[in-house]
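What follows is the residue order along each chain.
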Amino acid sequence: MCGIPLVYAEAITGAAEPPSARRQRARKVKPQYTEGKLVKVVGARNQTEAEFIQGLLLEEGVPSMLRRSRGFDVPDFLAAGPRDVMVASSGLPTAREVLLQSELIGSGSDQPTGLDRPWRVMAWLLLALAIVALVTLLHP
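Just so it is clear, the structure is predicted and the values come from calculations on it, not from any experiment.

## A closer look at the nonpolar core
- Residues Val41, Val42, Ile53, Leu57, Val85 and Leu99 are the most contacted members of the largest nonpolar core, which totals 14 residues.
- When contributions to this core are tallied by element, the ones reaching two or more residues are strand 1 (38-44), helix 3 (47-59), strand 3 (83-88) and helix 4 (92-101).
- Not counting residues up to four positions away in its chain, the partners in contact with leucine 57 are Val41, Val62, Ser64, Val85, Val87, Ala95, Val98 and Leu99.

Here it is, written out as structure tokens:
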């Protein structure tokens, strides 16, 4: 015999352990919002704002995850830098509705931002370099 009880300890002692934070979070998730490919629902300016948005979505049963936005060179251990809030495609309509009600996104949020198009940043940098080179050549 191994000595492991065949019933939960709370059934023997009558004292239930409080559920862990992870278990409480999992209980809020609605399974119908967990299917499909991950898609970006909104961008946040930093880790704190992204976690706030995650909390709003979780209250409606929509699970989400955070991803560091592309094009920003900030060490992973820092909370600075923009984040993408990702949800499963089945939860996207509900997530958008929650964010619209919270006024965190506008009705025209499908339009790409500068963060979504890194080539725009590169184009502006090249234009600035061209102007500097032109000024340098004209005024030696």
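So much for the structure itself; the text now carries on.
## Notes on the pairing of strand 3
- Extensive coverage of strand 3 is indicated by the burial of six of its six residues.
- The alternating pattern of strand 3 places Arg83, Val85 and Val87 on one face and Asp84, Met86 and Ala88 on the opposite face, and all of these are buried.
- Of the strand pairs in this sheet, strand 1 and strand 3 are connected by six bridges, and their pairing is antiparallel. Its bridge partner being in strand 3, valine 42 is matched across the sheet by valine 85.
- Across five bridges, the pairing between strand 2 (residues 64-68) and strand 3 is antiparallel. Residue pairing in the sheet places arginine 67 in a bridge with aspartate 84 of strand 3.

## Side note on the environment of glycine 36
- Along the chain, the position of glycine 36 falls in the loop between helix 2 (21-28) and strand 1.
- For the pair glycine 36 and alanine 88, spaced 52 residues apart in sequence, the C-alpha separation works out to 5.3 Å.
- In this structure, glycine 36 is in contact with Ala88 and Ser89, ignoring residues within four places of it in sequence.

## Things to note about the pattern of salt bridges
- A full pass over the atoms with the stated rule returns four salt bridges.
- The residue arginine 45 makes a salt bridge to glutamate 49 at a minimum N-O spacing of 2.9 Å.
- By relative accessible area, which is 65% here, arginine 45 ends up exposed.
- A cluster of three or more residues bridged by salt bridges with shared partners is formed by Lys40, Arg67 and Asp84.

## Digging into the packing of helix 3 against helix 4
- Here helix 3 crosses helix 4 at 115°, and the two axes come no closer than 10 Å. With respect to helix 4, the element helix 3 is oriented roughly perpendicular. Crossing of helix 3 against helix 4: the hand is right-handed. Where helix 3 approaches helix 4, its residues Ile53, Leu56 and Leu57 are matched on the opposing element by Ala95, Val98 and Leu99.
- Along the lines of polarity and charge, the residues of the contact of helix 3 with helix 4 split into six nonpolar, no polar and no charged.

Definitions and limits used
- Each chain has its residues counted from 1, following the order in which its sequence is written.
- pLDDT decides what is reported in this predicted model: residues at 70 or higher carry local features, side-chain atom pairs at 80 or more are listed and counted, and totals for whole chains, interfaces and linings draw on all residues regardless.
- Excluded from the side-chain calculation are hydrogens and water; included are all heavy atoms of the structure.
- Nine residue types can take part in a nonpolar core, namely buried Ala, Val, Leu, Ile, Met, Phe, Trp, Tyr and Cys, and a core is a set of them joined through side-chain atoms within 4.5 Å.
- Throughout, exposure labels follow a simple rule: accessible area from a 1.4 Å probe, protein chains only, divided by the maximum for the residue type, with under 20% read as buried, over 50% as exposed, and the rest as partly exposed.
- Helix and strand assignments follow DSSP, with helices taken as H or I runs no shorter than four residues and strands as E runs no shorter than two, numbered in order from the N terminus.
- Whether two residues touch is decided by their heavy atoms; if any such pair falls within 4.5 Å, the residues are in contact.
- Paired strands, as defined in this entry, are two strands with at least two bridges between them according to DSSP.
- Each reported salt bridge corresponds to a side-chain nitrogen of Lys or Arg within 4 Å of a carboxyl oxygen of Asp or Glu.
- Helix axes are fitted to C-alpha atoms over the stretch in contact, other axes to C-alpha atoms as well, and angles between N-to-C directions run from 0 to 180 degrees.
- Angular relationships are summarised with four words: roughly parallel below 35 degrees, roughly antiparallel beyond 145, roughly perpendicular across 65 to 115, and oblique for the angles in between.
- What makes a crossing left-handed is the near helix being turned counterclockwise from the far one by less than a right angle; a clockwise turn instead makes it right-handed.
- Ten residue types, Ala, Val, Leu, Ile, Met, Phe, Trp, Tyr, Cys and Pro, are classed as nonpolar, four, Asp, Glu, Lys and Arg, as charged, and the remainder, Gly among them, as polar.

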